[in-house]
Amino acid sequence: MSIFISLFAGLGLFFIGVRLISSNLRQVIGRRLRQLIARAVTGPGSLALFGLLAGAVMQSVNAVIHVLVALVTAGAMDRKRAFPIIRWANLGTSLLALVAAIDLHALALCLVGLTGIAYYRQIDQSTRWRHAVGALLGLGLLFLGTDFIKSGAALLRTEPWLRLHISELGVWLLPSFAIGAAVAWAAQSSTTVVVITMSLAAGGLIGWNGGAMLVMGAGLGSAASAWSLAGRLQGSARQLVLFQVLLRLQGLLLTLAFYACNRWLLDDPFGRLLDQFQMGLPARLAAFYMVVQLLSDLASRALEAPSLRWLEAWAAPSLQENLSKPHFVHDEALDEAETALLLADKEQQRLLACLPAYLDALRQDAPAALTSADQRQAAESQVLQLCEQFLVELADRQRSRDVLERSMVLRDRNRLLASLQESLVELHQAAQVASSGDEDDDKAGRATVAQLLDQLVQSLHLMLEALAETAARAQPDAEDLELLRSLTHDRSELMDGIRRRLQGSDLEAGLRQAVFSATTVFERCVWLARRYVLLLDSPLTAMATEPSTKT
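Residues numbered from 1 in each chain as written. Predicted model: local features only at pLDDT ≥ 70, side-chain atom pairs only at ≥ 80, totals over all residues. Heavy atoms only, no water.

Structural notes on the nonpolar core
Then, in step 1: Grouped together as the largest cluster of nonpolar side chains are 65 residues, with contacts concentrated most on Leu-352, Leu-355, Phe-390, Leu-424, Leu-460 and Leu-467.
Then, in step 2: Elements represented by at least two residues in this core include exactly helix H17 (337–354), helix H18 (373–397), helix H19 (401–435), helix H20 (443–471), helix H21 (478–487), helix H22 (492–503) and helix H23 (509–536).
Then, in step 3: Broken down by element, the residue count for this core peaks at 15 residues, all from H23. (Core = buried A, V, L, I, M, F, W, Y, C linked by side-chain atoms within 4.5 Å. Buried < 20%, exposed > 50% of the residue type's maximum accessible area, 1.4 Å probe, protein only. Helix = DSSP H or I, 4+ residues; strand = E, 2+ residues; numbered from the N terminus.)

As structure tokens, then:
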């Protein structure tokens, strides 16, 4: 019984280690590190190096894909540059299998001891180092779990009945393949299956054929785990995950052909090659896993063109994805303050020009809306968040008073744009409440409310269009600003009068509440637009446009 407990504990430590490494390193990938990655990963050599290191350290291609998804959706990396990284990350994960082929007992104990010292010194409480300490603990537990599995498997080989049943895996290859796929899918890692298989092989519990089928089955399980991740993604992010699925499936087919030819047609030339290096069975399985990864890479490169065409057709970038990407701001512009301020201003002008489109679904004479207001707001709010981070980092880098003041004006505009987007979505919700219900009930009241809402929408649409046109000019003149101030004058008395009239009317309670909400939102939009006009009228705004003429 103690032998099985040792194996069970080893598996537990191994799984905990894999999860700790993946989760802690994923937390380390913050915005600044993503910026460094986006800048450093440019050429083929840097793509390969980053992919290998990311796969070797994270030990999960899914975790690497999470980082790439964040970079691609933020516009910091083109998705075509992310595909080679996924290829190299798969090769990087195989490095752990090579390391596991050697004795890791002393290294595991040293890592756990170092982590214990870090916890005793409360280094894990530091914001800067806590994730590094967690990843170090995960690595130590992973190696310690591998050592437990090896030692437990070595003791089990003295049990004749177990050796008999385990040896059958070398004869019945399909069950071995299925077990490898199931464990890799459950553990979200094919490397986990390979390391466990190597530990069983070191204990004499499994032979070459059974171990090879477990390794190949792990490839199918890894593809299945990636497929489950794809269901929650869309557009370019979905393409990255599906690329991993294709890579695994293409490599699996090529590996099965390689295994069949090596075993039944060519009298095992691969085994004779490994004999020249005097490799034991665990090292042979690690080498075979490396061959699996290489074949997956070769198959993916050979079928790259049709695979990319299929991905474009299967997971084309959605309109919402395109809306969520910035058009002007980018991290490279932070080195030049004047350019950065100008680009942030251009990005805000673009988002301001998009505000009238929020009202298209509520206007009778408007073209059909391409997307709903809440979907548009969810996408464009991501751009505003990026703009906010962009301006904050610019202020951190540039300490001049002029840059700080102008960035503060742009940040104030950013917040006003976010509030305007949220308010326009609320106006849609109020209009939906007014239009819902039985149309035969209180037709006159519904017609009155519909007419009132149409007037509010048309007035707000005109106001937002005028604001966007004026903001797009390099230096708004006094007449334009005066017109905007007149369009955005205080409407609180008018809206209060409408609400007071409705209180004494026979209008249905739901319609009355919808009108109250719509008039309140309209009043807020007018107030926000007026605040934006005041920021346009600021002398700092004129200063922000001067660099384009200075250069």
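Here's the deal with the environment of Leu-20
Then, in step 1: Here Leu-20 is to be found in helix H1 (residues 2–28).
Then, in step 2: Taking the C-alpha atoms as reference, Leu-20 lies 9.1 Å from His-131; in sequence the two are 111 residues apart.
Then, in step 3: Apart from the residues within four sequence positions on either side, Leu-20 is in contact with Gly-134, Ala-135, Leu-137, Gly-138 and Leu-141. (Contact = heavy atoms within 4.5 Å.)

Observations regarding the packing of aromatic side chains
Then, in step 1: Inspection of every chain in the model, using the stated rule, returns seven aromatic pairs.
Then, in step 2: Look at Phe-258 and Phe-270: their rings are 5.6 Å apart centre to centre, the planes differ by 80 degrees, and that puts the pair in the edge-to-face class. In this pair, Phe-258 is assigned in helix H12 (residues 235–265) and Phe-270 in helix H13 (residues 269–276), connecting sequence segments 12 residues apart.
Then, in step 3: Using a relative accessible area of 11% as the deciding quantity, one classes Phe-270 as buried.
Then, in step 4: Taken together, the ring pairs connect Trp-208, Phe-258, Phe-270 and Phe-288 into an aromatic cluster.
Then, in step 5: The aromatic ring of Tyr-358 is capped on one face by Arg-376, whose charged end is 6.0 Å from the ring centroid. (Phe/Tyr/Trp six-rings, centres within 6.5 Å; stacked < 30°, edge-to-face > 60°. Lys NZ or Arg CZ within 6 Å of the ring centre and 35° of its normal.)

Section: a nonpolar patch on the surface
Then, in step 1: On the surface, Trp-227, Trp-310 and Trp-314 cluster together into a nonpolar patch covering about 370 Å² of accessible area.
Then, in step 2: Inspection of the secondary structure puts Trp-314 in helix H15 (residues 304–314). (Patch = residues over 30% accessible without salt bridge, like charges linked within 9 Å, V, L, I, M, F, W, Y side chains within 5 Å. Areas by Shrake-Rupley, 256 points an atom, 1.4 Å probe, with all protein chains shown as cover. Salt bridge = Lys/Arg side-chain N within 4 Å of Asp/Glu carboxyl O.)

Examining the pattern of salt bridges
Then, in step 1: Enumeration according to the criterion identifies 15 salt bridges in this entry.
Then, in step 2: A salt bridge links Arg-376 to Glu-380; the nearest nitrogen and oxygen atoms lie 3.1 Å apart. Of this pair, Arg-376 and Glu-380 are both found in helix H18, four residues apart, which corresponds to roughly one turn of the helix. Each member of the pair, Arg-376 as well as Glu-380, carries the same accessibility label: buried.
Then, in step 3: Within this structure, Glu-388, Arg-411, Asp-412 and Arg-415 form a network of salt bridges that share partners.

A word on the confidence of the model for the protein
Then, in step 1: Per-chain confidence: the protein averages 78 in pLDDT, with 79% of residues scoring 70 or above.
Then, in step 2: For the protein, per-element mean pLDDT is lowest for helix H25 (residues 547–550), which scores 37, and highest for H17, which scores 90.
Then, in step 3: Overall, residues 539–551 carries pLDDT values under 50, and its contacts beyond four positions in sequence, including any with other chains, amount to 17 contacts. (pLDDT = per-residue confidence, 0-100.)

Quick word on H21
Then, in step 1: Of all the positions in H21, only Asp-480, Leu-481 and Leu-484 are classed as buried. An end-on view of H21 places all buried positions within 95 degrees of arc, on one side of the element. Along H21, the residues that are exposed and aim more than 90 degrees away from the buried face are Ala-478 and Glu-479. (Arc of directions from axis to C-beta.)

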